[in-house]
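Below, each chain spelled out in residue letters.
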Amino acid sequence: MNITKDTVVTLSYTVSAGPGQPPESGQQAYLHGGYGNTFAKLEAALEGQAPGFATTLVLQPEDAFGVRDEGLVRTIPKSEFPPGVKVGGQLRGMTDDGREQVFNVVKIKGPQVLLDGNHPFAGKELRFTLKVLEVRAATPEEVTHGHAHGAHGHHH
Ligand code: ZN
């Protein structure tokens, strides 16, 4: 079956942001067809393809995780944190305009903790290596929900 609107596509992927950041690999099943489950350029590259198709795609930040917002970087005293805070961990906080935001702990330097609310891939040119593993028709329920269910899909 070929990838078209309302098919569920299972992919294996590796995302690389260049030197200094380890690549991320995994498998994902997503509902294809402009539901916003993955990047539009990635969907465009896969449209019409079938299982076994493999490609490498380079996306600019604005086509992937967006540009960095330096307003989401902050330094907070370590004493304000729960014990056990570690680099690589995440904390929930508020932005200056009161929205809830997940911050990544990027550095602990003496009594100060550096937080960054940007996605680790924000502002990065990303290289996606993709392989289509499986393509199937979406169920009516998946189309109603706007996402894929089952293995590597959405869990309720
Ligand atoms: Zn659902």
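These figures come from a predicted structure and were not determined experimentally.

Describe the layout of surface pockets, and please don't skip the residues or the numbers.
Approximately 300 Å³ is the volume attributed to the largest pocket. Lining the largest pocket are 15 residues, and of these Y13, Q28, F39, F65 and F128 sit closest to its centre. Secondary-structure elements contributing two or more residues to the lining of the largest pocket are β1 (7-16), β2 (24-31) and β8 (126-137). Looking at which element gives the most residues to the lining of the largest pocket, the answer is β1, with three residues. A breakdown of the residues in the lining of the largest pocket according to their chemical character gives ten nonpolar, four polar and one charged.

Break down the sheet that holds strand β5 (residues 90-94) for me, citing the residues and quoting the values.
Across the sheet, which stays open at both edges, the four strands sit in the order β4-β7-β6-β5 with antiparallel pairing between neighbours. What marks the edges here is a single partner per strand, and that holds for β4 (73-77) and β5. Direction aside, neighbouring strands of the sheet carry axes that sit 40° apart on average. Pairing of β5 with strand β6 (residues 100-109) involves five bridges; the strand directions are antiparallel. Residue pairing for β6: L91 is matched across the bridge by F103.

Break down the environment of I108 for me, with residues and values.
Secondary-structure assignment places I108 in strand β6. Those residues in contact with I108 that lie beyond four places of it in its chain are K78, V85, K86, V87 and V113.

Account for the coordination of the zinc ion, naming residues and giving values.
Protein-derived ligands of the zinc ion are H145 (ND1), H147 (NE2), H149 (NE2) and H156 (NE2), with the metal-ligand distances lying across 2.0 to 2.1 Å. Its four donor atoms give the zinc ion angles of 97 to 121° at the centre, a pattern that matches the tetrahedral case. Here the donor residues of the zinc ion are spaced in sequence according to H-x1-H-x1-H-x6-H. Accessibility expressed as a relative area gives 15% for H149, which makes it buried. A relative accessible area of 71% means that H156 is categorised as exposed.

Hey, could you go over the domain arrangement of the protein chain for me, with residue numbers and the actual values?
Domain parsing of the protein chain yields domain 1 (7-65 + 121-145) and domain 2 (70-116). Once you take the C-alpha centre of each, domain 1 and domain 2 turn out to be 30 Å apart.

Quick rundown of the environment of H154? Include the residues and the values.
As for its placement among the helices and strands, H154 is situated in the segment after α2 (140-145). Sequence separation between H154 and Q28 is 126 residues; the distance between their C-alpha atoms is 9.5 Å. Leaving out residues up to four positions away in the same chain, H154 has contacts with H147, A148 and H149.

About the thresholds
- Residues numbered from 1 in each chain as written.
- Predicted model: local features only at pLDDT ≥ 70, side-chain atom pairs only at ≥ 80, totals over all residues.
- Heavy atoms only, no water.
- 1 Å grid on protein atoms, 1.4 Å probe; cavity = no way out; pocket = protein on both sides within 12 Å on 5 of 7 lines; lining within 4 Å.
- Points joined across faces, edges and corners; volume = space filled by probe spheres on them.
- Helix = DSSP H or I, 4+ residues; strand = E, 2+ residues; numbered from the N terminus.
- Nonpolar A, V, L, I, M, F, W, Y, C, P; charged D, E, K, R; others polar.
- Pairing = 2+ DSSP bridges.
- Axes fitted to C-alpha atoms, helices over the stretch in contact; angles between N-to-C directions.
- Contact = heavy atoms within 4.5 Å.
- Donors = N, O, S within 2.8 Å, 3.2 Å for Na, K, Ca; no water.
- Tetrahedral: all angles 85-135°; square planar, octahedral: opposite > 155°, others 65-115°.
- Buried < 20%, exposed > 50% of the residue type's maximum accessible area, 1.4 Å probe, protein only.
- Domains from an automatic or database assignment.

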